[in-house]
Number of protein chains: 2
Amino acid sequence: MSAYFSKRNLNFLLHEVFRAEDLTQYHHFADHDRGTFDMAIDSATHIADTLMHPHVRDVDRNQPELKDGQVTVHPSIRAYIKAVGDAGLIGAGFSFDHGGQQLPELITSSIGFILMAANNGMMYTGLTSGAADLIASFGSPELIEAYVPNMLSGNWQGTMALTEPQAGSSLSDVTTSATPQPDGTYKIKGQKVFISAGDHDVADNIIHLMLARIDGAPKGTKGISLFVVPKYRITESGKVSNDVTSTGVYHKLGQKGVPAMHLTMGEADNCIGYLVGQPHQGLPYMFQMMNGARIGVGMTAAGIATAAYHAALQYARERPQSRRLNEKNALDAPQTAIINHPDVRRMLLFQKAVTEGSLSLLLEAARAYDISRVAEGEEKENAHLLVEILMPMAKTYPSEMGVQSVSQSLQTFGGYGFTEDFPVEQLYRDIRITPIYEGTTGIQAQDLLGRKMTMKGGKAAQILMGEVGKTIAEAATHDELKPYATMLKTELGRVQEVLQALMPHAGAGDVERYLSDATLFLEQMGIVVVAWQWLKQAIVAKQAMLTQNPQGDELAFYEGKLHTMKFFFHYEVPKTLGLAARLKDTEVLTIVSAKELAL
Amino acid sequence: MSAYFSKRNLNFLLHEVFRAEDLTQYHHFADHDRGTFDMAIDSATHIADTLMHPHVRDVDRNQPELKDGQVTVHPSIRAYIKAVGDAGLIGAGFSFDHGGQQLPELITSSIGFILMAANNGMMYTGLTSGAADLIASFGSPELIEAYVPNMLSGNWQGTMALTEPQAGSSLSDVTTSATPQPDGTYKIKGQKVFISAGDHDVADNIIHLMLARIDGAPKGTKGISLFVVPKYRITESGKVSNDVTSTGVYHKLGQKGVPAMHLTMGEADNCIGYLVGQPHQGLPYMFQMMNGARIGVGMTAAGIATAAYHAALQYARERPQSRRLNEKNALDAPQTAIINHPDVRRMLLFQKAVTEGSLSLLLEAARAYDISRVAEGEEKENAHLLVEILMPMAKTYPSEMGVQSVSQSLQTFGGYGFTEDFPVEQLYRDIRITPIYEGTTGIQAQDLLGRKMTMKGGKAAQILMGEVGKTIAEAATHDELKPYATMLKTELGRVQEVLQALMPHAGAGDVERYLSDATLFLEQMGIVVVAWQWLKQAIVAKQAMLTQNPQGDELAFYEGKLHTMKFFFHYEVPKTLGLAARLKDTEVLTIVSAKELAL
C-alpha cells in the first residue's frame, strides 16, 4: 500500500533534511521524540491506506447531493472521519490543554500530505481542525468547552465561512450582518458560498467559523468580526435548528467528495452567532490562522501531484511502447518500457522535481512556523518573518506547478491517461482548485510583492536570502554541488535586479504599476526557493553517500536526489530568464487607460 | 449567438490576412468567390448556433453507454449530423467529382474551428470526412461508389481505426491481421482501441478505415495496409453484420459527447475488409492525410480555447470585485469589474494572444496545404514543404498552449470557474486530449527535429525562415512595428544557435541524444511561428488603420490586434530564453544509462 507517496522520501525530508527531533528541544514539544512522531505518521498512513485510498473513486463518482434540505455524502466518509478523530489526529497540533497531542506543524502538515495524497476528496477533518483552532486560539473558555472537544472527536464538522457571492478575493466587501442581542449573542443574516463541508449527514453538528459585520461597524476590513455559527444550537432541551439553510450544493470539476455549500443564514430571523474574541478583529484572527491554512492547501496540492506522479512512474516502468531512438530499426526486438524514452524520462523527472521540491518547501515553512510559535525573542521573530515571506510561494508553487505536474502525469499515460481506467484524470480535475482557494495565485502574488518583500523594512526578505545563502555556502564545499551553488547565487542576483527595476514604482506610490506583473515575480521566486530546497536536499544526500556507504535501494535513493537536483537546475531554473526579462521590461500593457481596449 | 468565437476575427484572418479569394485564381477553386466562401461559413455558423452550441452540456452530462452490444449517444447528435450532411459540409473539401463542394482547406478548416468552438463533443462529421477522404483519394472506383456518397450525406459514420492496445505511438507494432480470400477481400482479426465514434446508434453504418497486416507482410511500418471495414456489409439481400464487436466504451475526462470505442474484429471469423489501394501502403496513405487531420486537431484545440476565452472575457467585464490597486482605500466606491485589474487583464491578453495566434497559424498552414494541392511546379513543392514543417507546431501549439489558455480562462472565473455553473470546467476537461491524439506532443517534437528540420537538405526550414523573413522586412517599414521585427529576427538567430548546438549529435548518429529535448525545441519553435503570425496580423491592422480610417468598434478591433501583438512579444517571446538555454546546455540528464535511476 501507500503507492501514492514515498514514505522513504517523507522520512528523508522530515528526519535527514529538517531534523524533526531537533524541535523537541523546545519546551512546547519536549514530551515528543522520534517515536511519537513516527506513531502519528504511521497512524495516519494506516487510515489513509485502509479507509481513504480505497474510496478515492467512490467519493468522486458519487458526489454529494442536496435533497429536501439535507446533504448526503458517500457512506465511506463516516468511517474515515471517525478513525481520524479516534486517532487524535484532528487535534494532533492542539495543545494538551485543549485535548490535543501538541505535535509540531512539521508532523501535522505531513499527516495532511499523506491523507490528501490518499484521497483529497476526504478533506473534512482538516477543515474541522482549522475551524476548531480558531475557537481554541481566540474564543472564550465557554466557547472552547462547548465546541472544541466535539470537533476534535470528529462528531462535529468545522467550516471556514468567509466567501460571499459579492466578496471572494475582496473580503472587505463582506455584508453578512450580526445584530447584537440582549443576551450577548448576535442574530446573523446573510449568505455564504463555496463553504466546503458546509453541510452533510455524517456529522452531528456543523460549526461555521463565520465572518460577519456587527451593525454599525466600520467599513472595509476593519469592521469584520468572527462568529461561531452552528447548524444546531445545543440547549438544555436538546438540539435546536439554528436557521442555517442549505440553499445549494455546487457541482464541481473535482474534489467531488466534499460538498461546497451555498448557505443562507437568518431566513426565519432565528440564526444565532457567538462572537469569537473581540469585535472587529475577525480578519486579524483569520490572518493569524492563514499560514497554517495555506500550508494545508499547499500540502493538498503536493499530495495530489505526488499521487499522480507515482501512478505515472509505475505505468512508465510497465508500459512497453516502441524501441529506443538509436535502435529504431530493430523490428525484431521487443518494445521497451516507455521510461527508457528520454522524453518520458524528462516528464517523470519534472514531476519528481516539482512534487518533492514542493513538499520540501512546505516542510521548510512548517518548521519555521513551529519555531515562530514556540521559540522566544529574536529566534521567534526571525522564524515568523521567514514563514511570512515563504508562504506565498509555499501555497502557490505546489498548486500552480502541481497542476502542470499532474498534466505531465496524464501525458505519461498517453490516451489511457484521458480515460477513467486510470486515476490521473481525477487527480487532474481535483488539483485545479488549489491555485484558486485560500487566496488565488494573483492574491498571493500581491501579498508577496506588495507586503512581504517590503515588510519590516525588507527584513523578511533579508532573512530568506540569508537562509538561501547558508545553503549556497555549504553546497560550495562539495565539488559536485559547487556549480549549482554558483547557479543559485546567480538567481539571487537576478531577483535583486528585478526588484531594483520595480521598486521605483512603489516609491512613487504607483502600486498598480508596481504590482502589475506580481504573478510573474511570484513564479520567479517560486523557482528560486524550490531550487534552494533541491540544493539543500542534495547536500544531505551527498553527505549520506560520503559517510554512510549506502547500498542498493538506499544508494539509488540518494543518487536519485542528486540527479533530480541537477534536473531542476538544468531544466526549471532557466525559466527565470524569461520571467526576469519581462519583469524588467518597461512596456506597460496590462494597465487600463482611459480608453478601453478591444480584447 | 456565436458568443463562443469572434466572427470579426475570423473574417480578419480569412480575408484581410490570408486573402482567401486569392485562392480562386487556381483552376481547382475557380468556381468559388467570397460569396461561396461566406455561404459555407454562414451555413456552418447557423448549424453551430442552433443545433450544436445549445447541447454543449447535454452531450457532456449524458455520455454514450454500451448496453447489449449497442452504443447509444445523445439524441441531439442526430439532428446535427443530418444538418451538416444536408448542408454539404461533410464533403465541403471534396472534389465536385466526388460530390463535394471543392472548397479550400482554408475555408473547411475554419468551419471545423466554428463547429468545435460551438460543441467539441460533436466531432462525428469531421471524422467521417477524414475517413471518406481516404477512400476518395486511394480507393477503387467501386469502393468510392459504395461508400463515399453515403458518408458525405451523413448516413454513414466514418472512423480512423489505427490504435491497438500495444500500438499507440508505435504504429509499426500493429498486429491486426488480414487474410486474403479467394474473392479478393480479406478476413480481418484483431482489436482496436480509442476509436472515436467507433459505434453509435445514429448512423446506419459505421465505416472503419483500418490499418492491418496482410499475412506474410514485412515487419514494421512497411507491412501495414489500409482497409475499409464496415460494421455492416451491404449485400443484395440487405445489411449483414460484419463481425465487428463493440467490446467496450471508454469513459473519459472530456469530449464525452463522442464514444471512444474498443472494437474486436473477427470473433466469429466473419469480419471482411476491403483493401484500399495497394498492399503495404497503409502508412504512406495515412501520412498523406495526416496534415489535414492534424490541422483538424489544432482547430479543435483552438476552437475549445476560443470558446473558453470568450466566456472568461464576458465574465471579466461583468464581475465586480475589489477596487483598483491605486484606489484600495476608497471603501465607499463601488467594486470595479475584474477586467480592470492588471493581473486579470494579463490573463485575458494571454488567452487572446494564444487563441488568435493559434488560429492564425492554423490558417497559414491550411492555406499552404491548399496551394500544395492545387498549384504546380516549384510553387506546389515549396507550399508542400512549408506545410510539412509547420505541421508539428500547428498541431501542438494550439493544443499545449490551449490547455494553458483554458486554465487561465478558468482562473479568471475564480471559484466559479471550478463549478458546473459555468462552461469552462467542461472546456478544461475537453481540451486535455488534444496534446495526445493524432500524435502526442513528444511524437510531434521528434517529427519536427528528427525529420522536418532536416528534410530535403533543410529546404523546408529555409522556406519557413524565408517566409518569416518577408514578414520581418515588411514590418520594419512601420516605425511602430520595427522593434518587433527586430525582436523576431533575434528569435530566428536563437533558433540557429540551438540547431548549431544540436546538429553535431545528429551528425554523429546519436539520434537519442539529438532528440532528447526535442519537445523543448518544438516549444521554442511554436513561440517563434506564433510571434510571426502576430507580426503578420499587426502589419495588416496597421495598414488598415493608416488607409481605411476605421472608427468605433473597427478601430478598437485593429488597436486590439496591435496591442495583443505587443503583449505576445513582451510576455510570451521571452520564454524562448530559458528554452534555448536548456537546449544549448550540454548536461545529459534524461538518457538512460546502464544503471537505472531511482526515480
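What counts and how
- Residues numbered from 1 in each chain as written.
- Chains lettered and ligands numbered in written order.
- Predicted model: local features only at pLDDT ≥ 70, side-chain atom pairs only at ≥ 80, totals over all residues.
- Heavy atoms only, no water.
- Contact = heavy atoms within 4.5 Å.
- Buried area = accessible area lost by both parts, 1.4 Å probe.
- Salt bridge = Lys/Arg side-chain N within 4 Å of Asp/Glu carboxyl O.
- Least-squares fit on C-alpha atoms with pLDDT ≥ 70 in both.
- Phe/Tyr/Trp six-rings, centres within 6.5 Å; stacked < 30°, edge-to-face > 60°.
- Helix = DSSP H or I, 4+ residues; strand = E, 2+ residues; numbered from the N terminus.
- Buried < 20%, exposed > 50% of the residue type's maximum accessible area, 1.4 Å probe, protein only.
- Lys NZ or Arg CZ within 6 Å of the ring centre and 35° of its normal.
- pLDDT = per-residue confidence, 0-100.

Quick look at the interface of chain A and chain B now. How large an interface is tends to be reported as the accessible area lost when its parts come together. The interface of chain A with chain B comprises 99 residues on the first partner and 99 residues on the second. Together chain A and chain B conceal approximately 8,900 Å² of surface at their shared face, both sides included; 56% is due to carbon and sulfur atoms. Between the two partners, chain A and chain B, sit six salt bridges. Put simply, Arg323(B) and Asp173(A) hold a salt bridge, and the shortest N to O gap is 2.7 Å.

As a further point, take the relation of the copies chain A and chain B. Between chain A and chain B, the superposition needs a rotation of 180° and an axial shift of 0.0 Å, giving an RMSD of 0.0 Å. Those values place the two copies in the arrangement expected of a two-fold rotation axis. Here 100% of the interface residues in chain A have copies in chain B that are interface residues too; the copies meet face to matching face.

Under the definition given, this model contains 35 aromatic pairs over all chains. Measuring from centroid to centroid gives 4.6 Å for Phe194(A) and Tyr250(A), while their planes differ by 40°, and the two rings are tilted. With Phe194(A) in strand S5 (residues 186-196) and Tyr250(A) in strand S10 (residues 244-250), this pair connects stretches of sequence that are 56 residues apart. Under the relative-accessibility criterion, Tyr250(A) is labelled buried at 10%. Ring geometry for Tyr315(A) versus Phe422(A): centroids 5.5 Å apart, planes at 75°, classification edge-to-face. Of this pair, Tyr315(A) sits in helix H8 (residues 282-318) while Phe422(A) sits in the loop between helix H10 (377-412) and helix H11 (424-430), placing them 107 residues apart in sequence. We classify Tyr315(A) as buried; its relative accessible area is 11%. For Phe422(A), a relative accessible area of 24% corresponds to the partly exposed category. What links up through ring pairs into an aromatic cluster is the set Phe194(A), Tyr250(A), Tyr315(B), Phe413(B), Tyr416(B) and Phe422(B). The lysine or arginine in question, Arg8(A), covers the ring of Phe557(A), its NZ or CZ lying 4.4 Å from the ring centre.

In this section: the confidence of the model for chain A. Chain-level pLDDT for chain A is 96 on average; 99% of the residues reach the 70-or-more range. As scored by the predictor, the complex reaches a pTM of 0.97 and an ipTM of 0.97.

Residue and element names in this part refer to chain B. The phi angle at Asp269 is positive, at roughly 55°, despite the residue not being glycine. Asp269 sits in the partly exposed class, given a relative accessible area of 40%. Despite not being glycine, Ser322 has its phi angle at roughly 65°, a positive value. Positionally, Ser322 belongs in the loop between helix H8 (282-318) and helix H9 (342-374). For Ser322, a relative accessible area of 12% gives the class buried.

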